[in-house]
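# Coordinate analysis (summary)
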Amino acid sequence: MNLIKKTALHGKHMCVATGLALCCWLGMGNTAYAADTRLAIEHLGDGQSIVRIEHPSSYLLLPVEEGAEESKVYVIVNNEVIKNLNVRLARKQVDYFVPLSLQAANGQSVVVNVQLAPGGSICWDEMKLSDTFDTTNREPLRPTYHFSPAYGWMNDPNGMVYKDGEYHLFYQYNPYGSMWGNMHWGHAVSRDLLNWEHLPVAIAPDALGAIFSGSCVVDSENTAGFGKGAIIAFYTSASERQMQSLAYSTDNGRTFKKYERNPILTSDQRDFRDPKVIWHEETQRWIMVLAVGQELQLYSSPNLREWTYESSFGEGEGAHAGVWECPDLFELPVDGGPQKKWVLVCNINPGGPFGGSATQYFVGSFDGKRFVNESPALTKWMDYGKDHYATVTWSNAPDNRTIALAWMSNWEYANFVPTKQFRSANSVPRDLALFTRNGQTYLSSTPSPELLKLRDKATTTSSFKVARTHKVNTLLPQPTGTFEIELTVQSNGANVMRFALCNSKGEEVEMRYNLLDHHFVMDRRKSGQVDFSKSFATATSAPLASGKTFTLRLFVDKCSVEAFDGKGGFAMTNLVFPSEPYNSLRFTAEGGAYTVTNLKVYPLRLP
Ligand code: FRU
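None of these values were measured; they are calculated from a predicted model.

Below, the discussion takes up the confidence of the model for the protein. On average, residues of the protein score 94 in pLDDT, and 95% of them reach the 70 mark or higher. Put simply, strand β1 (residues 3–9) is where the protein has its lowest mean pLDDT, 27, and strand β13 (residues 166–174) is where it has its highest, 99. Note that pLDDT drops below 50 for residues 1–28; the model gives that stretch 55 contacts with residues more than four away or on any other chain.

With that settled, the discussion passes to the site of the ligand. Around the ligand, the neighbouring residues are N155, D156, Q172, W180, M183, F212, S213, R273, D274, E325, Y389 and W411. In the model, an oxygen atom of the ligand is placed 3.1 Å from a nitrogen or oxygen of the N155 side chain. A distance of 2.5 Å separates an oxygen atom of the ligand from a polar side-chain atom of D274. For the ligand, whose accessible area on its own is 320 Å², the fraction buried by protein is 95%. Counting residues per element, the ones that place at least two in the shell around the ligand are β12 (152–163), β16 (210–219) and β20 (273–280).

This brings us to the sheet that holds strand β22 (residues 295–301). An order of β20-β21-β22-β23 is seen for the 4 strands of this open sheet, with the pairing classed as antiparallel. This sheet does not close on itself; its edge strands, each paired only once, are β20 and β23 (308–313). Averaged over all pairs of adjacent strands, the angle between strand axes in this sheet comes to 25 degrees, irrespective of strand direction. Where β20 lies against strand β21 (residues 285–292), 6 bridges are found, and the strand directions are antiparallel. By the bridge assignment, V277 is partnered in β21 with M288.

Moving on to the sheet that holds strand β29 (residues 389–393). Read from one edge of the open sheet, 4 strands run β29-β30-β32-β33, paired in antiparallel fashion. Two strands lie at the open edges of the sheet, namely β29 and β33 (440–447), each paired on one side alone. Going from strand to strand, the sheet's axes swing by 40 degrees on average, the running direction of each strand aside. Sheet analysis places β29 next to strand β30 (residues 403–407), joined by 3 bridges and oriented antiparallel. Across the sheet, the residue bridging to V392 is L405, located in β30.

Cut-offs and rules
- Residues numbered from 1 in each chain as written.
- Predicted model: local features only at pLDDT ≥ 70, side-chain atom pairs only at ≥ 80, totals over all residues.
- Heavy atoms only, no water.
- pLDDT = per-residue confidence, 0-100.
- Helix = DSSP H or I, 4+ residues; strand = E, 2+ residues; numbered from the N terminus.
- Contact = heavy atoms within 4.5 Å.
- Near = heavy atom within 4 Å.
- Polar contact = N/O pair within 3.5 Å; in protein donor to acceptor, adjacent residues only side chain to side chain.
- Areas by Shrake-Rupley, 256 points an atom, 1.4 Å probe, with all protein chains shown as cover.
- Pairing = 2+ DSSP bridges.
- Axes fitted to C-alpha atoms, helices over the stretch in contact; angles between N-to-C directions.

This is the structure in C-alpha cells:
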C-alpha cells in the first residue's frame, strides 16, 4: 500500500510517498520522499534529480544495478561539491547497495544532485540513509587467503611498500560499485602477507582526475622534504590526459596529504601512467619508470618532486599487441650467486599469450639512465595463466626480498566474473629470483614462504602407479575449496600425465604434463561457470624443462588455482568458478604409466 500525504518543505507543497516514490507536479518539478522519508527527492526531468537530506546519517546507501548506465552523482554541502562519482543507479532491479559516506558534511544539510537517472527508476524507492554499512561476506566464491576488497571493485595492486613491520597494499578501487570506475587507492595492511586489515581509502579522486596506478617509497633520508621516513606515493591523475602526482604520509600510511604543486610530471602523450619509483644506489638518485603507450620511459630525480627524462625503452622489444602498463624495475642475483642482473617488468593488455592481459619482463643491465635488454629476440612471460596482471613488487621489502603481487584477473572479463559484493582478488605473494636455462636468464616466481603458515596437517597418500586411471576420492573431510597440493609425478613410459581437480557436479580443472611437446597445461573449460565471457573457457600452457619427473605446488582458494613448478620453472594463475568446491583428484595416463609420489593435501586456513 502506498501512503500519500501532503506536507510542506521549504514552503512548497510536496508529496510524501512510502513504498513507492510518487510524482506530484507542482510547477517547480515533482518532489517525493523515498521509502526513507528523510530523503526529499525532486525529479526535474531529463534524468536530473535533487535529493535533499536535512539531517544526514553516516551513509546514503545507493542501490546499484550492474546492467544500468552510469549516473552522475554530486554531493553538495553549502553550494560546494564535496564529492562526485559515477554510480550504476538501479533502474529496474537492485543488485546490491554501496555506501556513500556523508560524514564530510559534518551534520550540515546535504544536497545530492543526480544526473542521468530517469525519474521512474527503482533507485528512488530504495535509496536510504544509514549509520552502518554491512560488509559481512555474502559471497561463497570469495577467496579466504587471497586479498579481496570488503566490497566494491579492485584492479591493480598499487603503492606496495614495507615499513616498520607492516606490508602496505594499496589498490585500484571503486567503492561505488563492483565494476571499474571512480578510481581511488584502497588500502590494507598486513604483518604476515596473509592476514589483511582493511583501512579507509588512502587517496581519493580530485580536480586533477581519478587516481590511477602507481607506487610508494619510504623517503628515509628526507630527500623530498616531507619528513624523514615519510611514505611518498606516486600515482597517475587521470582525466582527459594523464599526469603524475604525489602524496605523502608522515603517519605510516594512515593518512595522505596531496602535494600542493601537483601534477609533478606531465606529457603530451595520451597514455602516460603507472609511475614506479625506485632508489638507484649507484647513482644516488630516484628513478621513475612510466608506461607510455608502446614504450617505457625512465626519469631521474634527486628529490622525488622534480624529474628529468633519461631514456625510453620498448621499440622492437617484447610483445606489442596491446598497451604497456604498470612497469617495475629491480635488480636480482642470478642463480643465487654474486652476479646480478636488472629486470624490467612490463604488463601488457591485450596481447598476452592466452589473450587479454599478461606480464612480460626483460632481463639486462641498467646504469641509472638506460635499460639494455640482453635478449631482445625473446619475449619472456612471468606467469603462464590467464589471470595474472598488473604485477609489481614491494618497495623496501625486508631481507633483500623481491616480493611480487598480481591482480588475479584479466581485462577480457574482469568486470563480469560471477561475484557481486566484490570483484577481483590478488594472487598469492611470490618471491622472485633469476635462474639460467639454456643460456638465458629467466624470472622464477615462488610462493612466498609466509604461505607455509597457512598449512594445516597434511593428508599424505603413499606413492601409487597410474596405469590408466586412478582416483583420490576425498581431498578434505570438509570440502572448503581452500587447500594446497604438493605432488611429484614420474613418467614410466607415459607421454601425457593428466590429473584433474573434480567436484561432484562434474566440474573439473584438468592439468597435464605433456612430454610430447614439453608443456604443462591447465584446462578450465569444464571448471564451473564459464559462460559469463566468450574468452573465459580456455586452457593455458607453460613450457616445461626436459625430464621425466616433475614436482608441483597447487594453491586452490574458492575461485582460483595457482600452479607453481617445484623448481621455479613456471607459475600459472587461473580463475575458476565451480558451483561446489573441488574435492577429489582423477589421474589418467596416456602412452604408458606414471607414478605419483609424495601426494600431500594441506587444508589451508589463515593463522
Ligand atoms: C592496468 C590499468 C593501469 C591504470 C589502471 C586504471 O590495469 O589500466 O594502466 O593505471 O589500470 O585503473
